[in-house]
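# Inside the fold
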Amino acid sequence: HKVCGLILKIDPNHEMARKELGYTVFENEWILEKDLRKKQLDLGLVKYKGEWVSRKEQSRLIFKEETEQLATLFKSVESDNHIVVDYAVRKIMAYKGKRPYELFPPYLESPHESVRLVAVSALSQFPALGSKNRKKSPTQEAVGAARKLFNLALLEPSPKVLKVASICLRKFHPDETFRHALETLVKPGDAGTIERAREIATQLLLK
């Protein structure tokens, strides 16, 4: 302890000496962990990767990390190396996080068929209502994801992606036909889009 104290006189931010003396980092400042623990309940703090942060900050950090990881994996889905693609797809499909309806929808607009297919497939694993209770309303994020899925279905040229999208969409509107579900999002008077919705439904035998 004396040695650590001497080290801190020379370098107040010496990490090993600080940790040896029981300090931890909170909001970019060193604080004794025993003092922080006393405030933990009052402040609602949780430990994330060795640092005490608020639950809101933890959620932000996790979302940022998951966003970066998925960006790398979806980039790998475009690879010409089938081993790389297989690994990326398995990792994406194994996602068990809490914010799929925020993380996956951006990839529905990818120009790459394989990326769109994986994104829709990944989304199809999650309940639209976020609960086993079917009467519970969908979350705002889930509603936003559903709208993007509908838009994808109306414009999707790939039968393979369209087939998976239709299966995924049935979770959002389980009591409606696929065609009717599509039409509910079409603006009145947009006959062309309504006709496209009917074509898709007929093509998929989901009238």
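As shown above, the structure is provided for reference.
One structure accompanies this document, and this report is about it. Per chain, residues are indexed from 1 in the order of the written sequence. Local features in this predicted model are restricted to residues whose pLDDT is 70 or higher, and side-chain atom pairs enter the listing and the counts only when it is 80 or higher, whereas totals over whole chains, interfaces and linings include all residues. Hydrogens and water are ignored here; the side-chain numbers use all heavy atoms of the structure.

## Remarks on the overall build of the chain
The condition that has to hold: Helix numbers and strand numbers start at the N terminus; a helix is a DSSP run of H or I with at least 4 residues, a strand a run of E with at least 2. Summary of the burial criterion: residues with accessible area below 20% of their type's maximum are buried, those above 50% are exposed, and those between are partly exposed, where the area comes from a 1.4 Å probe applied to protein chains only. In this description, contact between two residues means that some pair of their heavy atoms is separated by no more than 4.5 Å. Here the Shrake-Rupley method, with its probe set to 1.4 Å, supplies the accessible areas, and only the displayed protein chains count as covering residues.
Across its full length, the chain holds 11 helices and 4 strands. The 207 residues of the chain split such that 35% are buried. Taking as baseline every contact in the chain between residues at least 6 positions apart, the subset at least 24 positions apart corresponds to 48%. When the accessible area of the chain is evaluated, it comes to approximately 13,400 Å², of which 54% is carbon and sulfur surface.

## Describing the packing of helix 5 (residues 82-93) against helix 7 (residues 113-123)
Note the cut-off: Comment: axis = line fitted to C-alpha atoms, over the contacting stretch for helices; angle = value between 0 and 180 degrees taken between N-to-C directions. Should an angle lie under 35 degrees it is considered roughly parallel, over 145 roughly antiparallel, and from 65 to 115 roughly perpendicular; all remaining angles are considered oblique. The handedness criterion is simple: a crossing whose near helix is rotated anticlockwise from the far helix by less than a right angle is left-handed, and one whose near helix is rotated clockwise is right-handed. Throughout this entry, Asp, Glu, Lys and Arg are counted as charged residues, while Ala, Val, Leu, Ile, Met, Phe, Trp, Tyr, Cys and Pro are counted as nonpolar. The remaining residues, Gly among them, count as polar.
Between helix 5 and helix 7, the shortest axis-to-axis distance is 9 Å and the interhelical angle comes to 30 degrees. Comparing their axes, helix 7 and helix 5 come out roughly parallel. Taken as a pair, helix 5 and helix 7 cross one another with a handedness that is right-handed. Here V89, I92 and M93 of helix 5 lie close against helix 7, whose contacting residues are V118, S121 and A122. In the contact of helix 5 with helix 7, the residues fall into 5 nonpolar, 1 polar and no charged.

## Let's talk about the pattern of salt bridges
Put simply, the test is: Put simply, a salt bridge is a Lys or Arg side-chain nitrogen that is within 4 Å of an Asp or Glu carboxyl oxygen.
Within this structure, the stated rule accounts for 8 salt bridges. The partner of K19 in a salt bridge is E15, with the nearest N and O atoms 3.0 Å apart. Taken together, the residues span about one helical turn, with K19 and E15 both in helix 2 (residues 15-20) at a distance of 4 residues.

## Concerning the packing of aromatic side chains
Cut-off, in case you're wondering: Ring pairs shown here join Phe, Tyr and Trp side chains whose ring centres sit within 6.5 Å, with only the six-membered ring taken for Trp; geometry is labelled stacked below 30 degrees between planes, edge-to-face above 60, and tilted in between.
Applying the stated rule across the entire model yields 4 aromatic pairs. On the numbers, 5.5 Å between centres and 80 degrees between planes, the contact of Y95 with F104 is edge-to-face. Take Y95: its relative accessible area is 9%, and that puts it in the buried class. Accessibility expressed as a relative area gives 0% for F104, which makes it buried. With 5.9 Å between their ring centres and 55 degrees between their planes, Y95 and F126 make a pair best called tilted.

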